[in-house]
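# Observations on chain architecture
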Amino acid sequence: MAITKFFNEMTADDGSVRAHYAGYAKWLNDTPADRIERKRAEADALFHRYGITFAVYGEESGTERLIPFDIIPRIIPAKEWKSLEAGLRQRVKALNTFIHDIYHDQEILKAGHIPADQVLKNAQYRPEMQGVNVPCDIYAHIAGVDVVRAGAGEFYVLEDNLRVPSGVSYMLEDRRMMMRLFPELFARHRVAPVEHYPDMLLHTLRSVAPVGVADPTVVVMTPGAYNSAYFEHAFLAQQMGVELVEGQDLFVEDDQVFMRTTQGPRRVDVIYRRVDDDFLDPQAFRKDSMIGVPGLLKAYRAGRVTLSNAIGTGVADDKSIYPYVPEMIRFYLGEEPILNNVPTYMCRKPEDLAYTLAHLPELVVKEVHGAGGYGMLVGPASTKEQIESFRKHLEANPDKYISQPTLALSNCPTFVENGIAPRHLDLRPFVLSGTEIQMVPGGLTRVALREGSLVVNSSQGGGTKDTWVLEA
Amino acid sequence: MLSRTADHLFWMARYMERAENTARILDVTYRLSLLPQNGEDVEPMWAGMLKIMELQDTFLAKHPRHTTEAVLEFMIFDKDNPGSIYRCLRATRENAHAVRGTLTSELWETSNETWLKIRDLTAAKLWENGPGAFFEWVKYRSHLSRGVTIGTMLQDESLRFIRLGTFLERADNTARILEVKYLNLLPGSDEDASHATDYYQWSALLQSVSAFEVYRKVYRDQITPLRVAELLILRADMPRSLARSMKEVYSNLTRVSNARSAETERLAGELESHLRFGRIERIFEVGFRNYLEDFRDRIFDLGCRISEDFLIPTRA
């Protein structure tokens, strides 16, 4: 692996501590090691007791694990956040406009900016949504955009998650934990608050209720207690004070959705669903879905209920569409993109495939429809055998893959087995879109705990850090 | 509230209560088994207990003899025994997990912590500290969970369904505890419990439902089987009695009343008023075993009706 210089969030190249980390670095230096050790153990015990866990697929069913929490925060100065936020708003606005366009007049396809096949033959494109109007023309009410810092410190968007992005509960719980463990740090720093996220989310969901519903009933819909993100579903429902429902709790009558309550059926107007499109309605999508609601699509198309996010948003966050997002921003908003896209080779194009095959050891290759860090190759971190075996998959199914240069992700000091060492990280801010676009400052910082690893997904052994946007 | 949520709350409370009462039954039987006079008789005693808990067959499928060790380990740890304390606490936690958003965080954490502890308990540790300490722990966790429930939950429907579960289960369990004891005690016993053995048996029974001091306070007299039965069946001021349990069942039920629950409420009210206006002499005339069995059948029926009316309703 080539020796690369990584951008360190805490220290500059000359070894001096960056200004926004000065206070924290001093605190860390002054705090006795045994106190920190005690606090770290306390954090572990508390997370266990709170049951803040996620279920791991592919292991014995019901296995619950903690997501490792690191006590060194990721700090972002207010000025940097301001430009990040502007870039995220711009991007999500363009993406929502794109989805609306695709399911209506398809101007962007007619103008030839994106090959129509790329969109209309995409498995994530839902013909059922063609011509359907949704409140405020917003499709992705909740977006979790993955951002990394690379090279000399510039931000890149890695992925726009517009289906059912998760992780916001860890953002909130990490903050709660930090404040509980180290209240003194918050007395010394002006950390922008994030605790009002559930309020903002509820406001967003209510704002996109079907037209004419004055006091909408909002629910969170979960696949059930064994889903990997169940903790988050329960947490958000509780924080918003709304019911957490499963498919079996809902039914549709005369295109209206009801939930079964102890006092009889009750109307439901907005469903924040944490269930994938495919499983939402066995009458419309996968017939074997046990977690959906028969007739839901029909009620939805009739405009009697809002699904959040809308059906068919996957057409905009697919890795094969990702390369076109800068073009969308220019086309719909007439603006230059504020955030960078990572240069992407689409292996369905012969010249891009040839390039990819020739440069596998330097590239990251991802499945177009993959998620969660499964089914990807990180060239520089892989053995010859792994690369050769991946090459076969790639040659057999080039359409399934894209490749990107391996970014030199920034790193941040992190507690590891032998003390503190730099580990790579990313950032997932959450962008809420309803009658307006809103965000809490920061987001979820994920950190790859294995030395040298660039994969931060919790399913691949990643951890999290509290994220501070520091007001000057 | 969602019917499914109410269902989970109801069962969460039932399993916690069941864990506690199982610990109580085991505790009293274990203590009786230690009495020197019972050296020969411990196996029938355990067998009788398992029979009344309807776990005799499950037990015999695995164990040839009713030794104290075998029964206790079966009733505490056995993952295949649906009535083991392990399984009850796991079910409590699973039900709580399914509605954790409806519970206060304190209540959820209490249940989760209880589960984490029993999950890590081994037989070696149990015998090292003695079963008594373990039974105390289970009771303590149940007290804690009830206290946290009352101390932190909003007094809305969710609390009503939790309380319904608690008292319906308690009504059933207290009846079973009485059956276990009367099974062992009644043959050949005369009215008073003045024999030393009888005295210990009755006082152990009273202690198992935290009623020993209460008995002394209420009756200020010797312990007699008739009065023990009266205290645990008819005295509504005795927190674990059938009368108290039914009073709570009825009042919680009327507060969640819906369009189809009228008959269920009537049946609960009928059972409650029988206890309120009943006389213990009359119950003994009818036959004690019959009375308790009939009572448990009615409790079972009420449980089914509550399910149908509120918890697993069919459409509309």
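Report on the accompanying structure. All values derive from a computational prediction rather than experimental measurement.

Another aspect to go through is the interface of chain A and chain B. Contacts between the two partners involve 26 residues from chain A and, on the opposite side, 30 residues from chain B. Taken together, the two surfaces of chain A and chain B that pack against each other cover about 2,300 Å², and 44% of this comes from carbon and sulfur. On the chain A side of the interface with chain B, the three residues burying the most area are A:Arg49, A:Arg260 and A:Thr262, jointly 29% of the side's total. Of the charged contacts in the structure, one is a salt bridge between B:Arg4 and A:Asp249, with a shortest N-O distance of 2.6 Å. The tally of links from chain A across to chain B stands at 19 residue pairs in polar contact (both at pLDDT 80 or more).

It is worth spelling out the pattern of salt bridges at this point. By the definition in use, this model includes 66 salt bridges over all chains. Here A:Arg175 and A:Asp466 are joined by a salt bridge, their closest N and O atoms 3.0 Å apart. Taken together, the positions of A:Arg175 in helix α6 (residues 168-181) and A:Asp466 in strand β23 (residues 462-470) put the pair 291 residues apart, joining distant regions of the chain. Take A:Arg175: its relative accessible area is 2%, and that puts it in the buried class. Classification of A:Asp466 by relative accessible area gives buried; the value is 2%. One salt bridge in this structure joins B:Arg235 and B:Asp237, with 2.8 Å as the shortest N-O distance. Overall, the relative accessible area of 27% leaves B:Arg235 in the partly exposed class. Shared partners join several salt bridges into a network, and the residues in it are B:Glu17, B:Glu20, B:Arg24, B:Arg146, B:Arg170 and B:Arg240.

A word on the nonpolar core. Grouped together as the largest cluster of nonpolar side chains are 95 residues, with contacts concentrated most on B:Met49 and B:Ile233. Residues A:Leu95, A:Tyr156, A:Val245 and A:Val275 belong to the second largest nonpolar core, which totals 74 residues.

For the rest of this paragraph, the subject is the sheet that holds strand β9 (residues 256-261) of chain A. All names here are of chain A. Pairing in this open sheet of 3 strands is antiparallel, and the strands run β8-β9-β10 from one edge to the other. On the outer flanks of this sheet lie β8 (250-253) and β10 (264-267), each paired with one strand and no other. Shown here is a sheet whose adjacent strand axes are inclined to one another by a mean of 40 degrees, direction ignored.

The subject of this paragraph is empty space enclosed by the protein. As enumerated under the stated definition, the model contains 2 cavities of 30 Å³ or more in all. Taken as a whole, the largest cavity holds about 190 Å³ of empty space. In terms of lining residues, the largest cavity is bounded by 17 residues, among which B:Ala13, B:Met16, B:Ser145, B:Arg146 and B:Thr149 are the most central. Mapped onto the lining of the largest cavity, the elements with two or more residues apiece are α1 (3-34), α6 (105-120), α8 (131-152) and α9 (157-185) of chain B. Classifying every residue of the lining of the largest cavity gives 5 nonpolar, 8 polar and 4 charged. Taken as a whole, the second largest cavity encloses approximately 50 Å³ of empty space. If you go around the second largest cavity, the residues you meet are A:Leu158, A:Glu159, A:Asp160, A:Asp317, A:Lys319, A:Tyr322, A:Lys366, A:Ile402 and A:Gln404. Within the residue set of the lining of the second largest cavity, elements represented by two or more residues are β5 (154-161) and β17 (401-405) of chain A. Here the lining of the second largest cavity gets 3 residues from one element, more than from any other, and that element is β5(A).

About the thresholds
- Residues numbered from 1 in each chain as written.
- Chains lettered and ligands numbered in written order.
- Predicted model: local features only at pLDDT ≥ 70, side-chain atom pairs only at ≥ 80, totals over all residues.
- Heavy atoms only, no water.
- Contact = heavy atoms within 4.5 Å.
- Buried area = accessible area lost by both parts, 1.4 Å probe.
- Salt bridge = Lys/Arg side-chain N within 4 Å of Asp/Glu carboxyl O.
- Polar contact = N/O pair within 3.5 Å; in protein donor to acceptor, adjacent residues only side chain to side chain.
- Helix = DSSP H or I, 4+ residues; strand = E, 2+ residues; numbered from the N terminus.
- Buried < 20%, exposed > 50% of the residue type's maximum accessible area, 1.4 Å probe, protein only.
- Core = buried A, V, L, I, M, F, W, Y, C linked by side-chain atoms within 4.5 Å.
- Pairing = 2+ DSSP bridges.
- Axes fitted to C-alpha atoms, helices over the stretch in contact; angles between N-to-C directions.
- 1 Å grid on protein atoms, 1.4 Å probe; cavity = no way out; pocket = protein on both sides within 12 Å on 5 of 7 lines; lining within 4 Å.
- Points joined across faces, edges and corners; volume = space filled by probe spheres on them.
- Nonpolar A, V, L, I, M, F, W, Y, C, P; charged D, E, K, R; others polar.

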